[in-house]
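Report on the structure
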Amino acid sequence: MVPAIEMRGVRVEYRGGGGVVRALDGLDLTVQTGHVFGFLGPNGAGKTTAMHVLLGFIEPAAGEARLLGEDARRAASRERIGYLPENPDAYRFLTGRELLAFSGRLFRMRGRALRDRVARVLDLVGLDEAAAARRIATYSRGMMQRICLGQALVNDPDIVILDEPTNGLDPFARMAFREIIRGLRARGKTVFFSSHELSEVELVCDRLAIIAGGRLVTEGAASGLVPEGERLERHFMRVVEAARERKA
Amino acid sequence: MMRWLVIAWAVWLEVIRRKDVYVLLVLLGTLLAVVLSLNVFGLGGTSRYALDVGLLLAWVFGWILAVTVASRQLPDEEERGTVFTLLAKPVTRFDLVMGKYAGSWSVVAAATASFYLLAAGVTAARGGRVDFAALLQAVLLHAVALGVMCGLGLWFSARLHGDAAAALAFVVTAAAFLVVPRAPEFMTRQTGLAAAGLMLLYHLLPHFEVFDMRRRVVHDFGPAAWTDVGLIAAYGFALCACLALLAWTAFRRRRFSRSVP
């Protein structure tokens, strides 16, 4: 079976600070279809860069990235992808409904199918009729997060890539978000998300990977990755510090 | 629907909802009313004078709109971070650049046509004569010139911050308006490097003066030959195609900074 996400020896370098910064240093990662995959790492570990490679925003200096077997650099590979960026924003001059319709049209959806899908997504992300008819400029942070998640789900994607999706959300919004993720898993979708909220990750993920310094440090089933008697937070700090020491 | 058309439609909605065009339309109406009520050099109330001022303002407002609307399209996407959600869909950078170009060009052209309609309407209401065939040619050629201005703004903004791109586009278009038509005259008085520089500017910058049919309309010279209009439009479209290509080339490999709204 073709993996949902595959990265092989991906290296990304930036020029800056008088030298070359290696954001990803030969990253290897495989995410099988139908998993909820937590992608963890300290700040600057390369999580967002890895996602940007997967979405074709960044061309790696070496290695390759594939989505459902297709080269991630090709626009066609994004037909079955949904993406929610970190600190998402949207066209504030549109209403929530218009934004979802705009997003749907970019997937060549139209007519009744588009209208039905927009209504379904609004229901899924918990925005009622009144909210959908309002300009996004008037939305609260939680509503903004919901409508941006909506635009990521409008094409009923097979892979959903979420970058820090619970940042700044209140407990109710987090709970609602968890329900959406569980719903996606129940429908066989692959969810790949990064987060600093380790408790959140523990609650929803089947598998976890930790990266540090642009390299994969550890990866495995969420239930088996953390040794007995240790909490994920402690384990995370231990493996990241060990990776840093090795690099130093 | 083609993806770039969807993006162009979003540009229309943004410009319409930002209300810039309405403000300029009201300003144009107010200025025309002032022009008609004042008696400067004994011209007060002269319909031809009102048309002259109206078309001049249509050029000035069209210029301002074209540069500001086109220059902010790509940088705004990056600043808001919406470029990531757009490009995470099966939208290519070519679709994005073309959509932004088509959207800003068409909305600015439509707004400018409304300025012409207002100026012509005021003139007709004051009993002045407006040759509508010449007016149509003037609007068409002006629309093509706006495409060139939008193209410049978009090209600069593919690499620069929105404000820097707009400032540069204003300088280049103003130089093209003011210097290029008189460059041959200046060249006869220069030698060496200065003459070569002027020659380069003359060939490099767009010749906006060829798109300007205000005099024909105001002084009722009648329409120009359609073949001439076609040739000028072809020149303008060729410039637009070059600018679109330059904008796409500049944007194609752009690495975006992460936005924090």
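Residues numbered from 1 in each chain as written. Chains lettered and ligands numbered in written order. Predicted model: local features only at pLDDT ≥ 70, side-chain atom pairs only at ≥ 80, totals over all residues. Heavy atoms only, no water.

**Some thoughts on the overall build of chain B**
This is how the line gets drawn: Only DSSP runs of H or I covering at least 4 residues are called helices, and only runs of E covering at least 2 are called strands; the numbering of each starts at the N terminus. With the radius of gyration taken over C-alpha atoms, the globule rule is written as 2.2 Å times the number of residues to the power 0.38. Type-normalised accessible area, obtained with a 1.4 Å probe on protein chains alone, sets the label of each residue: buried when under 20%, exposed when over 50%, and partly exposed for intermediate values. Note on contacts: a residue pair qualifies if any of its non-hydrogen atoms lie within 4.5 Å across the two residues. Here the open area of atoms and residues is found with the Shrake-Rupley method and a 1.4 Å probe, where only the protein chains shown may cover a residue. Charge assignment: positive for Lys and Arg, negative for Asp and Glu; neither His nor the chain ends contribute. Charge coordinates come from a single atom per side chain, which is NZ of Lys, CZ of Arg, CG of Asp or CD of Glu.
Each helix and strand in chain B was counted, giving eleven helices and zero strands. For a compact globule of 261 residues, the expected C-alpha radius of gyration is about 18 Å, and chain B comes in at 20 Å, within 12% of that figure. Principal axes of the C-alpha set define a box for chain B whose edges measure 60 × 50 × 35 Å. Evaluated residue by residue, chain B yields a buried proportion of 51% over its 261 residues. Nonlocal contacts in chain B, meaning residues at least 24 apart in sequence, comprise 81% of its contacts between residues at least 6 apart. When the accessible area of chain B is evaluated, it comes to approximately 11,700 Å², of which 70% is carbon and sulfur surface. One finds the centroid of the 23 positive side-chain charges in chain B at a distance of 6 Å from the centroid of its 15 negative side-chain charges.

**Some words on the packing of aromatic side chains**
Going by this rule: Here a Phe, Tyr or Trp ring, Trp counted by its six-membered ring, pairs with any other such ring whose centre lies within 6.5 Å, and the pair is stacked when the planes are under 30 degrees apart, edge-to-face when over 60, and tilted otherwise. By definition here, charges over rings are those cases where NZ of Lys or CZ of Arg is within 6 Å of the ring centre and within 35 degrees of the ring normal.
Following the criterion strictly, the structure yields 19 aromatic pairs over all chains and no others. Aromatic side chains Phe251 of chain B and Phe256 of chain B sit 5.6 Å apart centroid to centroid with 55 degrees between the ring planes, which places their arrangement in the tilted category. Phe256 of chain B matches Phe251 of chain B in its accessibility class, with the two residues each being buried. An aromatic cluster is present here, built from Phe57 and Tyr83 of chain A together with Phe84, Phe251 and Phe256 of chain B joined pairwise through their rings. Here Arg93 of chain B stacks its cationic end above the ring of Phe251 of chain B, 5.9 Å away from the centre of that ring. Lying across the ring of Trp248 of chain B, Arg252 of chain B places its NZ or CZ 5.0 Å from the centre.

**Overview of the sheet that holds strand β3 (residues 36–40) of chain A**
Residues and elements named next belong to chain A. Formally: Strand pairing is assigned whenever DSSP detects at least two bridges linking the two strands. Every axis corresponds to a line fitted to the C-alpha atoms, with the helix fit spanning only the stretch in contact, and the corresponding angles, defined between N-to-C directions, vary from 0 to 180 degrees.
Here six strands make up an open sheet; going across it, the order is β6-β7-β8-β3-β9-β10 and the pairing mixed. For this open sheet the edge positions go to β6 (81–84) and β10 (215–221), each flanked by a neighbour on one side alone. The mean angle between the axes of side-by-side strands here comes to 15 degrees, regardless of whether they run parallel or antiparallel. Note that β6 and strand β7 (residues 159–163) share four bridges and pair parallel.

**Examining the confidence of the model for chain B**
Note the threshold: Values of pLDDT, the confidence the predictor places in each residue, fall between 0 and 100.
The predicted model of chain B has a mean per-residue pLDDT of 90, with 95% of residues at 70 or higher. With a pTM of 0.90, the predicted complex shows an ipTM of 0.90.

**Some thoughts on helix α1 (residues 3–18) of chain B**
What counts, and what does not: Helices are assigned an expected span. That span is 1.5 Å times one less than the residue count.
With 16 residues, α1 of chain B should cover 22 Å at 1.5 Å per step; its first-to-last C-alpha distance of 23 Å lies within 8% of that length. When α1 of chain B is considered as a whole, its buried residues turn out to be Arg3, Val6, Ile7, Ala8, Ala10, Val11, Leu13, Glu14 and Val15 of chain B. On its buried face, α1 of chain B is in contact with α2 (96–106) of chain A together with α2 (20–37), α3 (47–80) and α5 (93–125) of chain B. Just downstream of α1 of chain B lies Lys19 of chain B, where phi reads positive at about 70 degrees.

**A few points about helix α11 (residues 226–252) of chain B**
Residues and elements named next belong to chain B. Between its first and last C-alpha atoms α11 spans 38 Å; for 27 residues at 1.5 Å apiece the expected length is 39 Å, and the two agree. When we look at burial in α11, the residues that qualify are Val229, Ala233, Gly236, Leu239, Cys240, Leu243, Ala244, Ala247, Ala250 and Phe251. Looking at the buried residues of α11, the elements they touch are α3, α4 (82–87), α5 and α6 (132–157).

**Structural notes on the interface of chain B and chain A**
Applicable threshold: Here the buried area means the combined drop in accessible surface, using a 1.4 Å probe, for two parts upon being joined, counting both sides. What counts as a salt bridge is simple: a side-chain nitrogen of Lys or Arg found within 4 Å of a carboxyl oxygen of Asp or Glu. Here a polar contact is recorded for every N or O atom pair within 3.5 Å, except that within protein the pair must consist of a potential hydrogen donor and a potential acceptor, and residues adjacent in sequence are included only if both atoms are side-chain atoms.
The interface is formed by 29 residues belonging to chain B together with 33 residues belonging to chain A. Overall, the association of chain B and chain A removes approximately 3,000 Å² of surface from exposure, summing both partners, and the carbon and sulfur fraction of that is 59%. Per-residue buried area on chain B facing chain A is highest for Arg17, Lys89 and Arg255 of chain B; these three make up 22% of the total on that side. In this structure, the connection of chain B to chain A is made through three salt bridges. Note that Arg3 of chain B is salt-bridged to Glu79 of chain A, the shortest N-O span being 3.3 Å. Here chain B and chain A share eleven residue pairs in polar contact (both at pLDDT 80 or more) between them. Of all the elements in the fold, those that place two or more residues in the side of chain B that touches chain A are α1, α3, α4 and α5 of chain B.

**Describing the pairing of strand β4 (residues 62–67) of chain A**
Residue and element names in this part refer to chain A. Direction of pairing for strand β1 (residues 5–16) relative to β4: antiparallel, over a ladder of five bridges. Across the sheet, Glu6 pairs through a bridge with Arg66, a residue of β4. Across two bridges, the pairing between β4 and strand β5 (residues 70–71) is antiparallel. Directly across from Arg66, in β5, lies its bridge partner Asp71. The antiparallel hairpin formed by β4 and β5 contains two residues in its connecting segment, where Leu68 sits at a positive phi of about 50 degrees.

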